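# Coordinate analysis (summary)
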Amino acid sequence: MDSYFDSKEFRDLLARYEEAQQRGESLYLDSDQLSDIGDYYHWRGDTNRALAVADEALSMFEGATSPLLLKARIALLRENNPKKAMQLAEQIEDKYDLDYYNIKAEILIASLKSEEADLWMETCLDQLSEHDYDDFVLDTALLFIDYEQPAFARKWLAKSSETELPDYKEVVGRIHYCEGDYKACEDVFEQLLDEHPYSAYYWDMTACAQLAQGHLSDAITSSEYAIAINPNDEDALLYKAQALMKLKNYEEAIVYFERHGALRPANIDGPLNAGLCKTYLNRYDEGVADLLKAEKAAKEHIPGRLVDIYLELAFAYSQQGKIAEAMEAIDKMERLPESNVDEITVLRGHVYLENQHPDEAQDFFRQAVEHSIYSPIILLRVAISLYDNNYIQVAYNILTGLTPSDFQKIPQAYAYLSICAYDLGLHQEYLNYLKTAAEKAPSETASILGFLFPEGMEPSDYYSYAKNHPTI
């Protein structure tokens, strides 16, 4: 949660505003105060109310920066309408306001025009006072890293001489994270914590980096520090829940996912993951109810996540033996523009295989493989389904039939080969595939085979450990 939204100052302002609204009275507030309230509603996922507050502010302060910024961001992020967002930005009267420069750049970046955004911000440098220069270049670096553009973030960071500022170090840490160097990211934020031990955000970023490395106990500890500082820290609640889920502590994970969901009803991570945990505990009706709640939120706020939700609904229904309901969820998935017809066909086969209809499953698998012209990723999907349904030898046969060029496209297949060999008691093959998997697909190897090794062990150490601690 934004720390300002959790402050007494803002809570008092919001309470006065909402009480006046309930009484049908007007309360004089300036445009920034009204925009803060609108930003809060937007953060909560109440877009209509956020827009109403922004329009109220503009009715009194035409051309004011803050409410137009809010409307532009809603157009950009909620409505996916960059053209409308730019039109709203151009209504800002003060064309020398730093926020005006930033919103135009953000619209360009979100429109996949990062080079244009970079050139725009370069032209803005000439308009700056010396006093604003360092804030501007750091804010620009932060904007680019917000959109996972580390090269541009580095470029703008290099313009700053304020290398000891926390904001500067934050960008450095986030660049490391974006580039996949999670240990370097963790080191940066741990250094920041040495100077600012009561920053919940720095604890959040440390937990995030630890989670990415699979250091689950450390991630939980860091999240707990953040929660102690701010009990409503949504990121900390989410990171702790995710770590607990990976540790298969589903009951406690549900508590934190639900706390996160209560704070951010527009964010689907809470109900989606709480629903998954409940299905893992065989509480299918509760799990499906949460997944349907996530579907509703995604339709309103994040339609790009519907594929994930329908996938999990199909699995949940399938595990209950509800083939018709599973197929209905798959049908919904198939209607989405981003869906992949061959992967969906594999999923249909998986549902039938899980429900003891191997002949129907085989037909779907064959359709997917032939339609995809023997795509390596589709062959892998079929092998995973077979493995999950205990057809381990058949899965192993498919994977060993892949060519070297196939493995170049799907290096994660080595991890599945390794686990198949392990389950089949093929010790040397298990070791050989494990070694290659750890080198070529460490993240997937940790996810698939990590349960065989001590918590926190790096995949690069799996081979030597397995060689010296045989379990087959």
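Read on for a plain summary of the structure. (Residues numbered from 1 in each chain as written. Predicted model: local features only at pLDDT ≥ 70, side-chain atom pairs only at ≥ 80, totals over all residues. Heavy atoms only, no water.)

## Structural notes on the overall build of the protein chain
Summing up its helical and strand segments, the protein chain has 28 helices and 0 strands in all. For 472 residues, the compact-globule estimate of 2.2 N^0.38 gives 23 Å, and the C-alpha radius of gyration of the protein chain, at 25 Å, lies within 12% of that figure. On the principal axes, the C-alpha backbone points of the protein chain span a range of 70 × 50 × 45 Å. The proportion of buried residues among the 472 residues of the protein chain is 49%. The long-range fraction of contacts in the protein chain, counting pairs at least 24 apart against all pairs at least 6 apart in sequence, stands at 51%. (Helix = DSSP H or I, 4+ residues; strand = E, 2+ residues; numbered from the N terminus. Rg over C-alpha atoms; globule rule 2.2 N^0.38 Å. Buried < 20%, exposed > 50% of the residue type's maximum accessible area, 1.4 Å probe, protein only. Contact = heavy atoms within 4.5 Å.)

## Here's the deal with helix α11 (residues 182-195)
With 14 residues, α11 should cover 20 Å at 1.5 Å per step; its first-to-last C-alpha distance of 20 Å lies within 8% of that length. Along α11, the positions that sit buried rather than exposed are Ala 184, Cys 185, Glu 186, Val 188, Phe 189, Leu 192 and Leu 193. (Expected span 1.5 Å × (residues − 1).)

## Comments concerning the pattern of salt bridges
Following the criterion strictly, the structure yields 33 salt bridges and no others. Note that Lys 155 and Asp 118 form a salt bridge whose closest N and O atoms lie 2.7 Å from each other. Within this pair, whereas Lys 155 is found in helix α9 (residues 150-157), its partner Asp 118 is found in helix α7 (residues 114-125), the two being separated by 37 residues in sequence. Exposure remark for Lys 155: the relative accessible area of 31% places this residue in the partly exposed category. As a salt-bridge pair, Lys 169 and Glu 195 come within 3.1 Å of each other at their nearest N and O atoms. Of this pair, Lys 169 sits in helix α10 (residues 166-178) while Glu 195 sits in helix α11, placing them 26 residues apart in sequence. Take Lys 169: its relative accessible area is 14%, and that puts it in the buried class. (Salt bridge = Lys/Arg side-chain N within 4 Å of Asp/Glu carboxyl O.)

## Regarding the packing of helix α2 (residues 31-44) against helix α4 (residues 65-78)
The contact between α2 and α4 brings their axes to 8 Å, and the two run at 20 degrees. Our classification of the angle between α2 and α4 gives roughly parallel. In this structure, α2 uses Ser 31, Asp 32, Ser 35, Gly 38, Asp 39 and His 42 to contact α4, whose residues at the interface are Ser 66, Pro 67, Leu 70, Ile 74 and Arg 78. Here the residues of the contact of α2 with α4 sort into 3 nonpolar, 5 polar and 3 charged. (Axes fitted to C-alpha atoms, helices over the stretch in contact; angles between N-to-C directions. Parallel < 35°, antiparallel > 145°, perpendicular 65-115°, else oblique. Nonpolar A, V, L, I, M, F, W, Y, C, P; charged D, E, K, R; others polar.)

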